[in-house]
Amino acid sequence: MIGIGLDLCEVARIETAISSPAFLQRYYTPEEQSYIASRGKMGAQSAAAMFAAKEAFLKAVSAGIGGGITLQEIEILHDPGGAPRYHLTGAACERLHQMGGQTVHLSLTHENGMAAAVAIAE
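The rules behind the values
- In every chain, residue numbers begin from 1 and rise along the written sequence.
- Local features are withheld for residues below a pLDDT of 70 in this predicted model, meaning they are given only at 70 or higher, and side-chain atom pairs are given and counted only at 80 or more; totals for whole chains, interfaces and linings count all residues.
- Neither water nor hydrogens contribute to the side-chain values; these are computed over all heavy atoms in the structure.
- A simple rule labels every residue: compare its accessible area, found with a 1.4 Å probe on the protein chains alone, to the largest value its type can have, and call it buried under 20%, exposed over 50%, or partly exposed in between.
- The numbering of helices and of strands both runs from the N terminus, where a helix is a DSSP run of H or I of at least 4 residues and a strand a run of E of at least 2.
- Strand pairing requires that DSSP identify at least two bridges connecting the strands.
- For the purposes of this section, nonpolar cores are sets of buried Ala, Val, Leu, Ile, Met, Phe, Trp, Tyr and Cys residues that join through side-chain atoms within 4.5 Å.
- Residue contacts are defined here by distance: any two heavy atoms, one from each residue, within 4.5 Å place the two residues in contact.
- Here an angle of 0 to 180 degrees is reported between the N-to-C directions of two axes, which are lines fitted to C-alpha atoms, with helices fitted over the stretch in contact.
- The term salt bridge refers to a side-chain nitrogen of Lys or Arg lying within 4 Å of a carboxyl oxygen of Asp or Glu.

In terms of residue burial, strand 2 (residues 74-78) counts as a mostly covered element, since four of its five residues are buried. Here strand 2 folds back onto strand 3 (residues 84-88), and the loop between the two strands holds five residues, one of which, Gly82, carries a positive phi near 100°.

Below, the structure is given as structure tokens:
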């Protein structure tokens, strides 16, 4: 293990923010936006968990927002069973490899208006 990150995000804050197309386009990839839209009433919870996952990744690789990695370079995809995984591009991928990492494990949860993510970089 080369790094661990944890983040907590309030669903109501993200629910308000995702009502703005500009927010969605700035922080989520087109595929993530489609996933959020497909979740219906659960879209805000999913968006909050994905946002937390992006910030957890930044913590796992010792980078912060504004540290040269955009949140669009940290994409959260889901396998057919629904399990989340990272798809890294650009500076996010470079940062992981510079640290000697090959993969980042991801766990998401949401309950009672909060969403959380844990990222473990190896």
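Continuing now.
With that settled, consider the nonpolar core. By size, the foremost hydrophobic cluster in this structure holds 38 residues, and its most contacted members are Ile14, Ile18, Tyr28, Phe57, Ile74 and Tyr86. When contributions to this core are tallied by element, the ones reaching two or more residues are helix 1 (11-17), helix 2 (21-27), helix 4 (43-60), strand 2, strand 3, helix 5 (90-98), strand 4 (104-111) and strand 5 (114-121). No other element matches the 12 residues that helix 4 contributes to this core.

Along the polypeptide, Thr89 turns up in the loop between strand 3 and helix 5. Spatially, the C-alpha atoms of Thr89 and Asp7 are 21 Å apart, while their sequence positions differ by 82 residues. When residues no more than four places from it in sequence are discounted, the contact partners of Thr89 are Gln72 and Glu73.

To continue, consider the sheet that holds strand 4. Sheet architecture is open: three strands sit in the order 1-5-4, paired in antiparallel fashion. Edge strands, defined here as strands with exactly one partner in the open sheet, are strand 1 (3-10) and strand 4. On average, adjacent strands in this sheet sit at an angle of 10° to one another, irrespective of strand direction. Relative to strand 1, helix 4 is tilted by about 150°, and along the sheet it contacts strand 1, strand 4 and strand 5.

Within this structure, the stated rule accounts for two salt bridges. Between Lys59 and Asp7 there is a salt bridge, and its shortest N-O distance comes to 2.8 Å. Placement of the pair is Lys59 in helix 4 and Asp7 in strand 1, with a sequence separation of 52 residues. For Lys59, a relative accessible area of 41% puts it in the partly exposed group. You can call Asp7 buried: its relative accessible area is 8%. The residue Lys54 makes a salt bridge to Glu32 at a minimum N-O spacing of 3.0 Å. In this pair, Lys54 sits in helix 4 while Glu32 sits in helix 3 (residues 30-38), placing the two residues 22 residues apart along the sequence.

With the exception of glycine, most residues fall at negative phi, and the peptide bonds are largely trans. Even without being glycine, Ser62 reaches a positive phi, approximately 55°. Here Ser62 lies in the loop between helix 4 and strand 2. According to the relative accessible area criterion, Ser62 is exposed, its value standing at 58%. Unusually for a residue other than glycine, Asn112 sits at a positive phi of about 50°. For Asn112, the position within the fold is in the loop between strand 4 and strand 5. For Asn112, a relative accessible area of 73% translates into the label exposed.

These values are about where atoms sit, not about what they do.
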